Amino acid sequence: MKKKKFLFILLALIFIYALWLSFLLLRFKTYKLPSTYTSPLEIEGVYHIHSTFSDGQKHPDIIARVASLSSLDFIILTDHGNPNFESISSQGWKEGVLVLAGSELSVNRGHLVALGFNLPDSNFSQTAEEAVYQIKALKGFSIIAHPFSKVQWSWGEFIDYSGIEIINADTMLKKDIHRSLPYLPALLIKPKYALLKMLVRPEKNLKRWDFLNSQHPIFGYFSTDAHRLYRPVFSLLRLHPLLKNPLSKDFETAKCQVYDALRKGRFFNAIDAAAQAKGFRFWGEKGEKRIQMGKTIVADSPIKLHIETSSPFAKETLLIHNGKAVLRSLKNTISYEAALAGTYRVEVYLKEKSPLGKNIPWILSNPIFIREKKQ
Ligand SMILES: [Zn+2]
Ligand SMILES: [Zn+2]
């Protein structure tokens, strides 16, 4: 009799759980923009991907097909190796997607992603400081990967790093797997939903980024670190570079265009699985000149900063100066007179009913740096 009662309660609980999860999944949708929200100067891509050339599950050709189905303009493979010559040789236009490849180097301080370099004659050094110098000498740039994961970054003195990862999806999924346990079955039905639920606010990364920016300009990246589940991950975290001309059909030119935007910080990051983020802009105005994200402005008078989030989704925009919010607004168009020197960047939070946590930035801009004119 007791056994029967236990079984009944268990089945009832499973039923309630299944009902609850089905309700959440049925209600979930990615907020999509009307097709008019396109600009040939804004492209979308995914950064930090592993293929079968290191510990990823699929070959670059298959990954490119998935990227094409996900309407991506470009992807950046970052297979392990110092560098990974095979992975790099797989670059090119595939399935209408620009497939670029850098490498994820193992160095004494942690993992360092190298992009846009000319091929070296031999391996890069395993000392971070030397590797960054070698990459730069070959016209490339370096990004500190997942600084707070199991493979932690040990900081040392700041050298010429170009970027730092702010969100690394792989690290979050591994570190906070307990958070996502109630949503695990959703991985089979609506993996995008389950992945969104696994994201947490990258508090430590944001703090470290602001601190580093007080010393030296450095750009922030949303990184997938995808090894599998390419399809849902490709809509989860995206980079949105802003180009000077529409993306070329010529591989070498297109490659230079994407890397030029990334190495100069002329891009923003977004969690596009929650809502499409196209059309966001953050710029400064100096006389007739429009100053893009990533730039340093030397000024002796206040600079006007502009933020435009033309998407119709409910959102709150924060302008952050040296790590502190100086403005919060629910408006689509914002102007701010920046009288103080320092680092200015933008975070946008979704106010829609989304599985994305309320404290996780949906859009993260790169900064504009204002420096005082030396007398
Ligand atoms: Zn790594
Ligand atoms: Zn990786």
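The structure presented is a predicted model; accordingly, all values stated were derived computationally and were not measured. (Residues numbered from 1 in each chain as written. Chains lettered and ligands numbered in written order. Predicted model: local features only at pLDDT ≥ 70, side-chain atom pairs only at ≥ 80, totals over all residues. Heavy atoms only, no water.)

Draft legend 1. Here's a closer look at a positive patch on the surface. Together, K244, K286, K289 and K295 line one region of the surface with positive charge. With respect to the secondary-structure elements, K286 resides in strand β11 (residues 280-286). (Patch = residues over 30% accessible without salt bridge, like charges linked within 9 Å, V, L, I, M, F, W, Y side chains within 5 Å. Areas by Shrake-Rupley, 256 points an atom, 1.4 Å probe, with all protein chains shown as cover. Salt bridge = Lys/Arg side-chain N within 4 Å of Asp/Glu carboxyl O. Lys, Arg positive; Asp, Glu negative; His and termini not counted. Charge placed at Lys NZ, Arg CZ, Asp CG, Glu CD. Helix = DSSP H or I, 4+ residues; strand = E, 2+ residues; numbered from the N terminus.)

Draft legend 2. Looking closely at helix α4 (residues 128-137). Of the residues making up α4, those classed as buried are A128, A131, V132 and I135. Axial view of α4: buried residues confined to an arc of 100 degrees, hence all on one face. More than 90 degrees from the buried face of α4, the exposed residues found are Y133 and A137. Looking one or two places after α4, you find K139, whose phi comes out positive at around 65 degrees. (Buried < 20%, exposed > 50% of the residue type's maximum accessible area, 1.4 Å probe, protein only. Arc of directions from axis to C-beta.)

Draft legend 3. Structural context of the coordination of the zinc ion (ligand 1). Protein ligation of the zinc ion (ligand 1) involves E104 (OE), H111 (ND1) and H146 (NE2), the donor distances falling in the range 2.0 to 2.2 Å. All donors to the zinc ion (ligand 1) come from one chain, and their sequence spacing reads E-x6-H-x34-H. Here the zinc ion (ligand 1) and the zinc ion (ligand 2) are spaced 3.6 Å apart, and both take E104 as a donor. Like H111, E104 is buried. (Donors = N, O, S within 2.8 Å, 3.2 Å for Na, K, Ca; no water.)

Draft legend 4. Structural view of the domain arrangement of the chain. Here the chain is described as being made up of domain 1 (36-273) and domain 2 (279-375). Every contact between the two is made by 29 residues of domain 1 and, on the other side, 28 residues of domain 2. For the pairing of domain 1 and domain 2, the buried interface totals around 2,400 Å² over both sides, and the portion due to carbon and sulfur atoms is 60%. Summed over the three residues of domain 1 that lose the most area to domain 2, namely Y37, R201 and F268, the buried surface amounts to 22% of that side. Counting across the domain 1 and domain 2 interface gives two salt bridges. Among the salt bridges present, the one from E42 reaches R281, with a minimum N-O distance of 2.8 Å. Taken together, the links from domain 1 to domain 2 amount to nine residue pairs in polar contact (both at pLDDT 80 or more). Among the residues making up the side of domain 1 that touches domain 2, the classes are represented as 18 nonpolar, five polar and six charged. (Domains from an automatic or database assignment. Contact = heavy atoms within 4.5 Å. Buried area = accessible area lost by both parts, 1.4 Å probe. Polar contact = N/O pair within 3.5 Å; in protein donor to acceptor, adjacent residues only side chain to side chain. Nonpolar A, V, L, I, M, F, W, Y, C, P; charged D, E, K, R; others polar.)

Draft legend 5. Molecular detail of the coordination of the zinc ion (ligand 2). Of the protein atoms, only H48 (NE2), H50 (NE2), E104 (OE) and D225 (OD) coordinate the zinc ion (ligand 2), at distances of 2.1 to 2.2 Å. Coordination at the zinc ion (ligand 2) is irregular, judged from the four donor atoms that bind it and the angles of 82 to 170 degrees they form at the metal. (Tetrahedral: all angles 85-135°; square planar, octahedral: opposite > 155°, others 65-115°.)

Draft legend 6. Summary view of the sheet that holds β11. With antiparallel pairing, the four strands of this open sheet are ordered in space as β12-β11-β14-β17. Looking along the sheet, the strands with just one partner apiece sit at the ends: β12 (289-292) and β17 (333-338). Taken over all neighbouring pairs, the strand axes of this sheet differ in orientation by 30 degrees on average, direction set aside. Alignment of strand β14 (residues 303-309) against β17, held across six bridges, turns out to be antiparallel. Along β17, the bridge assignment pairs L305 with Y336. (Pairing = 2+ DSSP bridges. Axes fitted to C-alpha atoms, helices over the stretch in contact; angles between N-to-C directions.)

Draft legend 7. Representation of the packing of aromatic side chains in the model. Under the defined criterion, the tally for this structure stands at 17 aromatic pairs. Note on Y47 and Y221: the rings are 5.0 Å apart at their centroids and 45 degrees apart in plane angle, and the pair reads as tilted. A residue pair is termed long-range when its members are at least 10 positions apart, and Y47 in strand β1 (residues 45-49) and Y221 in strand β8 (residues 219-223) qualify at 174 residues. No difference in accessibility class separates Y47 from Y221, as the two residues are buried. (Phe/Tyr/Trp six-rings, centres within 6.5 Å; stacked < 30°, edge-to-face > 60°.)

Draft legend 8. Summary view of helix α2 (residues 60-69). All buried positions along α2 are accounted for by P60, I63, A64, V66 and A67. Here the buried residues of α2 occupy an arc of 160 degrees about the axis, which is enough to place them on one side. Buried positions along α2 lie against β1, β2 (74-80), β3 (92-94), β4 (97-107) and α10 (230-236). Residue S71 follows α2 closely and has a positive phi angle near 55 degrees.

Draft legend 9. How the structure looks around unusual backbone geometry. The residue after N82, namely P83, is reached through a cis peptide bond having omega 0 degrees. Topologically, P83 is positioned in the loop between β2 and α3 (85-88). Here D225, not a glycine, exhibits a phi torsion of approximately 50 degrees, which is positive. Relative to the assigned elements, D225 resides in the loop between β8 and α10. In this structure, N322 is a non-glycine residue whose phi angle is positive, near 45 degrees. You can see N322 is positioned in the loop between β15 (315-321) and β16 (324-329).

Draft legend 10. Quick peek at a nonpolar patch on the surface. Among the surface-exposed residues, F8, I9, L13, F15, I16 and L19 lie close enough to one another that they form a single nonpolar patch of about 680 Å² accessible area. Of note, F15 is situated in helix α1 (residues 2-27).

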